[in-house]
Amino acid sequence: MKSRLLRLAVMALVAVVALTFIYYSSIQMIEGTYQVVGVTDKGIVVQRGSEESSLRTTPDMMELIQMNHFYDIGYEKRLLQAPVIDYIRLHPAGR
């Protein structure tokens, strides 16, 4: 009985480690110049070419961001979660 419980515990531990590794290896850091095209209740909507993304951010940061301006943005894209802004700064071209 102890042997069976020990094997189950080891298999559960291996499964948790494997799932954690898969989750963290799936996180992507995306950087580029994006145009802010909209605001949602939890963040901003940015566009780059035909690609559009909704990024989660704080309300104070949303107040500083201006619509239809270009920004250099870096954000993390995670499984099953809205992307979170890592950094944002006004692109030298501005508009």
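Please refer to the structure higher up on the page.
All figures in this text were calculated on a predicted structure; none of them were measured in a lab.

Visitor: Tell me about the nonpolar core, and please be specific about residues and values.
Guide: In terms of nonpolar packing, the biggest core is built from 12 residues, these being Ile30, Tyr34, Val36, Ile44, Val46, Leu55, Met62, Ile65, Tyr71, Ile73, Tyr75 and Ile85. The residues contacting Val36, other than those within four sequence positions of it, are Ile44, Val45, Val46, Ile65, Gln66, Met67, Asn68, His69 and Tyr71.

Visitor: If you had to explain the pairing of strand S4 (residues 70-77) to someone new, which residues and values would you point to?
Guide: Bridge count for strand S1 (residues 28-39) against S4 is eight bridges, and the pairing is antiparallel. Bridged to Tyr34 within S4 is Tyr71. Across six bridges, the pairing between S4 and strand S5 (residues 84-90) is antiparallel. Pairing of Asp72 across the sheet is with Arg89, part of S5.

Visitor: Can you lay out unusual backbone geometry for me, pointing to particular residues and giving the numbers?
Guide: Unusually for a residue other than glycine, Asn68 sits at a positive phi of about 60 degrees. Within the secondary structure, Asn68 is located in the loop between helix H2 (59-64) and S4. Of the residues examined, Asn68 reaches a relative accessible area of 42% and is grouped as partly exposed. Not every positive phi belongs to a glycine, and Leu80 is a case in point at roughly 60 degrees. Tracing the chain through its elements places Leu80 in the loop between S4 and S5.

Visitor: Outline the pattern of salt bridges, supporting the account with residue identities and numerical values.
Guide: Scanning the model with the defined rule gives one salt bridge in all. Taking the shortest distance from any N to any O, the salt bridge between Glu76 and Arg78 comes out at 2.8 Å. Overall, the relative accessible area of 27% leaves Glu76 in the partly exposed class. Using a relative accessible area of 27% as the deciding quantity, one classes Arg78 as partly exposed.

Visitor: Quick rundown of the packing of aromatic side chains? Include the residues and the values.
Guide: One pass over the structure, following the stated rule, counts two aromatic pairs. Between the aromatic rings of Tyr23 and Tyr24, the centroid separation amounts to 5.3 Å while the plane-to-plane angle is 80 degrees, which identifies the pairing as edge-to-face. On the basis of relative accessible area, Tyr23 is assigned to the partly exposed category, the value being 23%. The positively charged end of Arg48 is found above the aromatic ring belonging to Tyr34, 5.4 Å away from the centroid.

Definitions and cut-offs
Residues numbered from 1 in each chain as written. Predicted model: local features only at pLDDT ≥ 70, side-chain atom pairs only at ≥ 80, totals over all residues. Heavy atoms only, no water. Core = buried A, V, L, I, M, F, W, Y, C linked by side-chain atoms within 4.5 Å. Buried < 20%, exposed > 50% of the residue type's maximum accessible area, 1.4 Å probe, protein only. Contact = heavy atoms within 4.5 Å. Pairing = 2+ DSSP bridges. Helix = DSSP H or I, 4+ residues; strand = E, 2+ residues; numbered from the N terminus. Salt bridge = Lys/Arg side-chain N within 4 Å of Asp/Glu carboxyl O. Phe/Tyr/Trp six-rings, centres within 6.5 Å; stacked < 30°, edge-to-face > 60°. Lys NZ or Arg CZ within 6 Å of the ring centre and 35° of its normal.

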